[in-house]
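Topology and contacts: notes
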Amino acid sequence: MSGQSDKVTGKVKEFSGKVAGDKDLEAEGKTQRLVGKVEQAGEDARDSVREAARAVKTRVRALAKNEPGAKERK
């Protein structure tokens, strides 16, 4: 969940920098928000891979047990 927190914190810093006229704080916020987006994308990809691995594991177990209909699915 660090990606989401970086996105939110970055957005707050960016907004605060705009309001205060602090270009450095605004730039820091933009950078942190973008880092959060990248982290979130990585977390999402990791979760997708885990879900796919679980599905494969379940399928292999079904095939190993020769469950009815297991060989027919694609």
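Counting from 1, residues in each chain are numbered in the order their sequence is written. Totals for whole chains, interfaces and linings use all residues, but because this is a predicted model, local features are given only for residues with pLDDT of at least 70 and pairs of side-chain atoms are given and counted only at 80 or more. Heavy atoms from the whole structure form the basis of all side-chain values; hydrogens and water molecules are not counted.

Like-charged residues are merged into a patch within 9 Å and nonpolar side chains (Val, Leu, Ile, Met, Phe, Trp, Tyr) within 5 Å, provided each residue has over 30% relative accessible area and no salt bridge. Accessible areas in this description were obtained via Shrake-Rupley with a 1.4 Å probe; residue shielding takes into account the shown protein chains only. Salt bridges are defined by distance alone: a side-chain nitrogen of Lys or Arg within 4 Å of a carboxyl oxygen of Asp or Glu. His is not counted, nor are the chain ends, whereas Lys and Arg count as positive and Asp and Glu as negative. By convention, the charge on Lys lies at NZ, on Arg at CZ, on Asp at CG and on Glu at CD. Side chains of K11, K18, K23 and K37 sit close together on the surface and give a patch of like positive charge. Every element with two or more residues in the positive patch is listed here: α1 (2–20) and α2 (23–64). With respect to the helices and strands, K18 occurs in helix α1. A run of H or I in DSSP counts as a helix once it spans at least four residues, and a run of E counts as a strand once it spans at least two, with each numbered from the N terminus.

What follows covers the pattern of salt bridges. Summed over all chains, the structure comprises four salt bridges. One salt bridge in this structure joins E26 and K30, with 3.9 Å as the shortest N-O distance. Of the two residues, E26 and K30 are both situated in helix α2; the distance of four residues between them amounts to about one turn of the helix. Here R46 makes a salt bridge to D47, at a shortest N to O gap of 3.6 Å. Partly exposed describes any residue whose relative accessible area lies between the buried limit of under 20% and the exposed limit of over 50%, with all areas from a 1.4 Å probe on protein chains only and scaled to the type maximum. The class of D47 is partly exposed, set by a relative accessible area of 33%.

Attention now moves to the side chain of Q40. Residue position: Q40 is located in helix α2. The contact definition used throughout considers only heavy atoms, calling two residues in contact when any of these lie within 4.5 Å. Q40 has contacts with G3, Q4 and K7, leaving out every residue within four places of it along the chain.

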